[in-house]
Amino acid sequence: MKKTPVFLDSLVTDMLHLRAICPFSWRVFQFRPISCEPLIIQMNKCTDEEQIFDFIERNKAILSEKQVGCAFDMLWKLQKQKTSLLKNVEYVRDHPQFLTLHNLATNKFKLMNDDTLVNVLHITQRFAGESHDPLVEALVTEAWRRLERFDIKLLSEFSSCLADQHLYFSPLMGKIADIVHRNLETTQDLSSLSVLMVNISSLISRHFQQQLVNKTELLFDTIDSSEVNVATRIARFLRNIKYCYQPLLEKCNNVFLSNVDQLDLDSISKIFRLYKFLQFNSFEFIMMAKKKLTEMIPLCNHPASFVKLFVTLGPIAGPEEKKQLKSTLLLMSEDLTGEQALAVLRAMEDMESRNSHLIKRVTSVLHKHLDSYKPLELLKITQALTFLHFQRKEFSAKLRELLLSYLKISFIPTEVSILVYAISLLPSPHLDEVGISRIEAVLPQCNLNNLSNFATSVLRWIQYDHMYLDSITGKQLKLLQKLDHYGRQRLQHSNSLDLLWEELKSVRGNTFPESLLEETIATLQHFVDEINYINVVEIASFISNTDYLSTLLLDRIASVAVQQIEKIHPFTILAIILPFSTLNYDPPQRDEFFGTCVQHLNSYLGILDPLMLVCLGFSLATLQYFPEDLLKSIFNIEFLARLDSQLESIGGMSGAQQQIYKMLTEVLGGINCVKASVLTPYYHTVDFECILDKRKKPLPYGSHNIAWGQLPEMPWESNTEIVGSRLPPGAERIALEFLDSKSFCRNIPHMKGKSAMKKRHLEILGYRVIQISQFEWNSMALSTKDARMDYLRERIFGEVKS
C-alpha cells in the first residue's frame with residue numbers, strides 16, 4: 001500500500017486544529033455562498049428607500065460586491081416606478097446611507113462582475129450630484145480595462161453611460177466603435193446594435209456608416225414589430241449621420257404605424273422631430289398621430305405637456321384644432337418657462353401663425369429670459385420673429401446687444417457664423433470693427449457651411465448699407481473676397497467626392513453665394529465619375545436646391561439611374577427626377593431615363609405617400625412626360641379620397657408687380673380692364689389678366705374684378721364666365737406673368753420647368769401668355785416709366801413706337 005506523503009499529513013492535521021479552535025470562522029467561510037442569498041432576498045422585499053437604507057446600515061460590515069450591486073439596483077427600480085413628480089433623486093443622493101453604499105462600491109468595484117460593474121455605473125450616474133464623481137471615474141476606468149471581453153449587450157449599456165457624460169468624441173468611444181466594426185459581421189442583436197449606432201455615430205467614417213445601414217437592413221426583420229424603441233434609435237442614427245435612407249425609414253415607419261395606439265405624446269413628438277429633420281413624409285402616420293394628439297387637447301392641462309402638444313400637433317392641425325390650441329396656450333402663457341416659450345415660437349413659425357396676441361405674450365416671456373439663451377437659441381428666436389414679421393425696437397435692441405456680446409468672446413467658427421447670421425437678420429445688420437475682426441480670425445478654420453453663412457450675412461449687410469446708407473465700404477468687399485478665397489481653397493483641397501459631400505450635405509444650396517456655388521459645381525464635375533447609386537440621390541437633391549444647371553452632372557445622374565436602377569430604392573426616384581424637372585432639362589437619353597425610373601416605381605404606386613405621388617406626377621408633367629400607370633394611380637377615386645392637400649394661399653405683390661399693375665391700368669384704360677391674382681380652372685394663378693376684342697380694344701370686367709390677393713369662392717365658376725364661348729367673337733384673353741429670378745436657373749437665363757409648364761397649360765386654356773422677366777423689366781432699356789409703358793403696349797397690342 002502506497003504511503004501518504006508526510007507534508008500532506010501535516011497539512012491535514014493543521015487544518016483540523018484550526019477548525020477546532022475557530023469553529024465559527026470555519027462555518028462562515030465554508031457556507032458563505034449560502035448566507036449571501038438571504039440578504040438579497042431581504043433586500044428584494046424592501047418597498048421603499050428607508051427600508052433599503054436601514055438594511056444597509058445594519059449589514060454594511062458584511063455586504064459583498066454582489067449585494068452592493070443589488071442595493072443600487074433596488075434604489076433605482078423604486079425611482080423608475082414613480083411618476084416624475086414623485087421622484088426623489090436628491091433625497092436618495094443626500095442620504096447618509098447612500099454615501100455608505102457609495103463608499104462600499106468604491107472599495108469593492110474591482111471584485112464586481114462585468115454586468116454588476118456597468119449597472120452600478122449606470123445607476124451612480126443617475127444619482128450623482130457632482131459632475132466628476134470619483135466612483136464614476138473609477139468605474140469607467142475599470143470598464144475600459146475589461147472592454148474587450150464585453151458582449152454586445154453590455155457594450156451598448158456601457159456606451160450609453162459614456163453618452164450620458166457627453167463623451168461622444170472620447171478615445172474610449174472610439175475604442176467601442178472599433179470593437180463594433182471588428183465584430184459587425186457576427187452581430188445578430190439589433191436592439192443592442194441600434195444603441196451603439198446612435199452613440200458612436202459622431203466619429204465613424206462614411207464607409208462604416210454605410211456598413212451599419214446595410215447590417216441594420218439585414219437584421220430588421222428579426223426584431224418584433226412592437227420594438228418601437230429600436231425603430232426610433234435607427235431613425236436617430238440616420239438623423240445623426242444626415243442620411244435620409246428611405247428603405248430603413250419605411251421599415252421604421254411601419255413599426256410606428258402598427259404601434260400607434262401605444263405611442264404617448266413624448267414618443268410621437270420625437271418621431272415627428274426625426275421625420276422633419278430627415279425630410280421624410282408619411283401621410284398615414286401624420287393622420288393617425290393627428291387623431292390621437294387631437295384627443296389629448298382637453299387632457300393636457302400642465303404647461304410642460306401642453307407646450308409639447310402644441311409644438312407637435314400645431315403644424316398638422318386643422319383650423320378648429322389650431323384655434324383651440326392657441327386659445328388654451330394664451331391662458332397659460334404667463335406660466336411658460338424660457339425654453340417652452342422658444343418652443344412655442346418655433347411652432348408658430350412652422351404653423352405660419354401670426355396671431356398678434358399670442359406673439360406678444362410669448363415674446364414678453366422671451367424678453368424676460370433673453371439673457372439665458374445660448375447663441376443657437378438666439379438665432380432661432382431671430383429667425384422665427386423675422387418670419388412672423390414681429391417688430392419691437394426694445395426687443396430687437398436687446399437681442400442685438402446680446403448677439404454682439406457673445407460675438408466678442410466667441411472663437412468657435414460655427415458659433416461665430418451663427419451669431420453673425422442672426423445679426424444679419426435684425427433691422428440694422430451692420431457689424432462694427434470687432435465683429436469683422438472676429439469673422440476674419442476664424443476664417444481659416446471654417447467649413448463650407450460656415451463660409452456660406454458668413455457670405456450670406458455680409459451680402460445682407462451690403463444690401464442694407466446700399467439701400468439705407470447709400471454706401472458700400474471697402475471692408476465689406478474685402479471680407480467677401482476673403483470668404484471667396486477660403487471657400488475656393490477648401491474646395492480645391494477636396495480629394496474625393498465622399499470628403500466633399502461631408503461638408504456639402506450641411507449647406508443650404510439655395511443660399512449658397514454665387515462665386516462659391518460656381519466653384520462647388522466645378523468641383524463636383526471634377527468628381528463626376530464618383531457619382532454612383534449610393535450618392536446619386538443626395539447629389540440630385542443638392543442640385544435641385546441650387547437652381548444651377550450643369551448638364552454634365554445631370555447627364556451623369558441620368559446615366560447612373562439607367563445603369564444601376566436595381567440598386568436604387570424606388571421611393572428615391574422622385575429626388576432623382578426633381579433636378580431635371582426644376583431646371584427644365586432633358587438628358588440625351590431622355591425617354592430611356594424617364595421610362596426606367598417610372599418602370600422601377602410602377603409596382604409601388606399603390607403604397608406611395610399621396611404627396612410624393614402627386615409631386616412625382618407634377619415633376620414628370622413639367623418635362624412633358626405622362627406615364628399611363630402613374631396617371632391612372634393619381635386620377636382614381638380611392639387615391640383622391642386619401643389625398644388631403646390644400647391650396648397654398650396667395651401672397652402679396654412684389655414691388656415690380658405693383659409697378660406693372662399700375663401701368664397696366666393706364667395702358668388698358670382703367671382698373672376695370674385688369675384682373676389681378678386670377679385663379680384659373682386648374683388652379684394656376686395668373687398675375688394679371690385682360691381681354692381684348694377683335695379690334696384689340698380692352699374689355700372691362702365690371703363686377704367680376706377681384707380684389708388684390710383674394711380668391712373667388714368658386715374659382716372655376718367665376719372664371720368660366722369669361723372663358724371660351726362667353727367671349728365675344730374674335731376676342732382674346734391675355735395672361736401677363738412676371739417672372740422673378742427664382743423662375744430661372746442661377747447660372748444662365750434658362751427658364752425652370754414649373755414656369756415653362758405653366759405657360760403651356762395657360763395656352764391650352766386659351767390664353768395668350770406674355771411673360772415678363774425680371775432681367776428685362778429691370779434692364780437699362782426699361783429704366784424709365786415711358787419706356788416701360790411702351791414695352792407693355794408693344795407686348796399687349798403689338799404697337800411699336802416709331
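In case you missed it, the structure is sitting above this.
Residues numbered from 1 in each chain as written. Predicted model: local features only at pLDDT ≥ 70, side-chain atom pairs only at ≥ 80, totals over all residues. Heavy atoms only, no water.

### Overview of helix α29 (residues 536-546)
Part 1: Burial of α29 is extensive: nine of the 11 residues sit out of reach of the surface.
Part 2: Among all positions of α29, only V536, V537, E538, I539, A540, F542, I543, S544 and T546 are buried.
Part 3: Buried positions along α29 lie against α12 (206-219), α27 (497-504), α28 (514-526), α30 (551-563) and α31 (573-582). (Buried < 20%, exposed > 50% of the residue type's maximum accessible area, 1.4 Å probe, protein only. Helix = DSSP H or I, 4+ residues; strand = E, 2+ residues; numbered from the N terminus. Contact = heavy atoms within 4.5 Å.)

### Digging into the packing of aromatic side chains
Part 1: Applying the stated criterion across every chain, the model contains 17 aromatic pairs.
Part 2: Relative to Y275, the ring of F256 lies with its centre 6.3 Å away and its plane at 55°, an arrangement referred to as tilted. Here F256, found in helix α14 (residues 246-258), pairs with Y275, found in helix α15 (residues 265-278); they are 19 residues apart in sequence, far enough to count as distant. The pair formed by F256 and Y275 is uniform in burial state, with each residue classed as buried.
Part 3: Consider the rings of F272 and F285, whose centres lie 5.5 Å apart with planes at 55°: the pair is tilted. Separated by 13 residues along the polypeptide, F272 in helix α15 and F285 in helix α16 (residues 283-296) bring together distant segments of the chain. (Phe/Tyr/Trp six-rings, centres within 6.5 Å; stacked < 30°, edge-to-face > 60°.)

### Regarding the pattern of salt bridges
Part 1: Within this structure, the stated rule accounts for 36 salt bridges.
Part 2: One continuous salt-bridge network, built from bridges that share partners, spans D114, E142, R145, R146 and R149. (Salt bridge = Lys/Arg side-chain N within 4 Å of Asp/Glu carboxyl O.)

### As for the environment of G766
Part 1: Structurally, the position occupied by G766 is in the loop between α38 (753-764) and β4 (767-773).
Part 2: Here G766 falls in the partly exposed class, since its relative accessible area comes to 44%.

### So, the packing of helix α18 (residues 319-332) against helix α20 (residues 356-369)
Part 1: Packing of α18 against α20 brings their axes to within 10 Å, and their N-to-C directions diverge by 35°. The crossing of α18 and α20 is left-handed. Residues K326, L329 and L330 of α18 form the contact with α20, whose participating residues are H357, L358 and R361.
Part 2: Here the contact of α18 with α20 is composed, by residue class, of three nonpolar, one polar and two charged. (Axes fitted to C-alpha atoms, helices over the stretch in contact; angles between N-to-C directions. Left-handed = near helix turned anticlockwise from the far one by under 90°. Nonpolar A, V, L, I, M, F, W, Y, C, P; charged D, E, K, R; others polar.)

### Let's talk about the side chain of E142
Part 1: Note on placement: E142 falls in helix α8 (residues 134-146).
Part 2: Sequence-distant contacts of E142, defined by excluding residues within four places in its chain, comprise F109, K110 and L117.

### Quick word on helix α21 (residues 375-387)
Part 1: For α21, which comprises 13 residues, the first-to-last C-alpha distance of 18 Å matches the rise-based estimate of 18 Å (1.5 Å per residue) to within 8%.
Part 2: Turning to α21, the residues buried within the fold contact α19 (338-351), α20, α22 (393-409) and α23 (413-425).
Part 3: Backbone geometry just downstream of α21 places H389 in the positive-phi region, at approximately 60°. (Expected span 1.5 Å × (residues − 1).)

### Here we look at the pairing of strand β1 (residues 675-679)
Part 1: Most of β1 is tucked away: five of the five residues are buried.
Part 2: Here four bridges tie β1 to strand β2 (residues 685-692), and the two strands are oriented antiparallel to one another. Its bridge partner being in β2, V678 is matched across the sheet by V686. (Pairing = 2+ DSSP bridges.)

### Observations concerning the sheet that holds β1
Part 1: The strand order across the open sheet formed by four strands is β1-β2-β3-β4, and the pairing between neighbours is mixed. Two strands lie at the open edges of the sheet, namely β1 and β4, each paired on one side alone. Between one strand axis and the next, the sheet turns through 40° on average, direction left out of account.
Part 2: Bridging between β2 and strand β3 (residues 732-739) involves five bridges; their strand directions are antiparallel. Residue pairing for β3: I691 is matched across the bridge by R733.
Part 3: The sheet strands contacting α38 are β2, β3 and β4, and the helix crosses β4 at an angle near 155°.

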